[in-house]
Amino acid sequence: MRGEPLDAETIVSATEEVLRRHGPEKTTVLDVARLLGVSHGSVYRHFPSKAALREAVIRRWLDRVQEDLAAAVQDSELPPPDRLRGLLTTMFAVKRAKVGEDPELFATFRVLAAEHSTVSSAHVAFLLAQIRGIVVDGIAGGDFAAGEPEVIARAIFNATSRFHDPAHAAEWSSPEIEAESASVISLILDGIRAR
């Protein structure tokens, strides 16, 4: 039995470890409890279901991703077209790196994204807000054509989904994928620029 108090953060860390070993399909709450040396009931006191536990793991993982993405758009000295190119390029680079560095957690993210979980929905909302903020700045500064920022942001997000949506992760190992991403981003920037 475990001697120290059990908290949610410890459970999430243990769950990450178990997910890395077994993947999202084979990981159970009982596996997490065994690793921690507690009963599965102790885990359920902190997380009401396996889904809630997986979402907590992915929330922590996506918080790290979002920090990287937020850093990509922080340089307000850059003109909006450069900031948007930087954000879209970073979105792809970060997700692609996560597939290579942490394939099991990425697989869990894919499962949750396919289930339209609240965590993946919040991540999409974060990405859309980042894109929208740059679009607003670009319209206000005359770099981008006038339009509805929400509509434009959603269109950009959808147009680039092949490069950030986990459903397309198998395509990311293609040797042409970076050039294809750069071409799509250039096309988007040309399409929304002020004329």
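The name given to the protein chain in an unreviewed UniProt entry is TetR family transcriptional regulator, with Actinoallomurus liliacearum as the source organism.

K.L.:
Give a detailed account of the UniProt feature "domain: HTH tetR-type" (unreviewed entry) in the protein chain, specifying residues and quantitative values.
P.N.:
Here, UniProt's "domain: HTH tetR-type" (unreviewed entry) annotation points to residues 5–65. Each end of residues 5–65 is marked by a C-alpha atom, and these two atoms are 29 Å apart; helix forms 82% of the span and strand 0%.

K.L.:
Can you lay out the UniProt feature "DNA-binding region" (unreviewed entry) in the protein chain for me, pointing to particular residues and giving the numbers?
P.N.:
Per the UniProt record, the feature "DNA-binding region" (unreviewed entry) sits at residues 28–47. The annotated region residues 28–47 carries 75% helix and 0% strand content, and the separation between its end C-alpha atoms amounts to 13 Å.

K.L.:
Got a sec to walk through the environment of serine 173? Specific residues and values, please.
P.N.:
Relative to the assigned elements, serine 173 resides in the loop between helix H8 (149–159) and helix H9 (177–192). Along the primary structure serine 173 and valine 99 are separated by 74 residues, whereas in three dimensions their C-alpha atoms are 9.7 Å apart.

K.L.:
Could you give an account of the packing of aromatic side chains, naming the residues involved and the relevant values?
P.N.:
Aromatic ring pairs are defined here through the distance separating the ring centres and the angle between the ring planes. If you walk through the whole model with that rule in mind, you get two aromatic pairs. Their ring planes at 70 degrees and their centres at 5.6 Å tell us that phenylalanine 92 and phenylalanine 163 sit as a pair that is edge-to-face. Of the two residues, phenylalanine 92 sits in helix H5 (residues 80–101) while phenylalanine 163 sits in the loop between H8 and H9, which places them 71 residues apart along the sequence. Assessed through its relative accessible area of 5%, phenylalanine 163 is described here as buried. Between the aromatic rings of phenylalanine 92 and tryptophan 172, the centroid separation amounts to 5.9 Å while the plane-to-plane angle is 80 degrees, which identifies the pairing as edge-to-face. With phenylalanine 92 in helix H5 and tryptophan 172 in the loop between H8 and H9, this pair connects stretches of sequence that are 80 residues apart. Grouping residues by exposure puts phenylalanine 92 and tryptophan 172 together as buried. Connected via pairs of aromatic rings, a cluster forms that spans Phe92, Phe163 and Trp172.

K.L.:
Go over the environment of serine 13 with me, naming the residues and quoting the values.
P.N.:
Within the secondary structure, serine 13 is located in helix H1 (residues 8–26). For the pair serine 13 and alanine 125, spaced 112 residues apart in sequence, the C-alpha separation works out to 25 Å.

K.L.:
Which residues make up the nonpolar core, and what values go with them?
P.N.:
Within the largest apolar cluster, 51 residues are counted, with the highest numbers of intra-cluster contacts made by Ile11, Val32, Val43, Leu69, Leu84, Ile131 and Ile156. The set of elements that each furnish at least two residues to this core consists of H1, helix H2 (29–36), helix H4 (50–73), H5, helix H6 (103–114), helix H7 (118–140), H8 and H9. Examining the composition of this core, we find that nine residues originate from one element, H4, more than from any other. There are two domains that each give this core at least three residues, and those are domain 1 (1–48) and domain 2 (58–192).

Rules of the game
- Residues numbered from 1 in each chain as written.
- Predicted model: local features only at pLDDT ≥ 70, side-chain atom pairs only at ≥ 80, totals over all residues.
- Heavy atoms only, no water.
- UniProt positions renumbered as here; feature names shortened; annotations may be inferred.
- Helix = DSSP H or I, 4+ residues; strand = E, 2+ residues; numbered from the N terminus.
- Phe/Tyr/Trp six-rings, centres within 6.5 Å; stacked < 30°, edge-to-face > 60°.
- Buried < 20%, exposed > 50% of the residue type's maximum accessible area, 1.4 Å probe, protein only.
- Core = buried A, V, L, I, M, F, W, Y, C linked by side-chain atoms within 4.5 Å.
- Domains from an automatic or database assignment.

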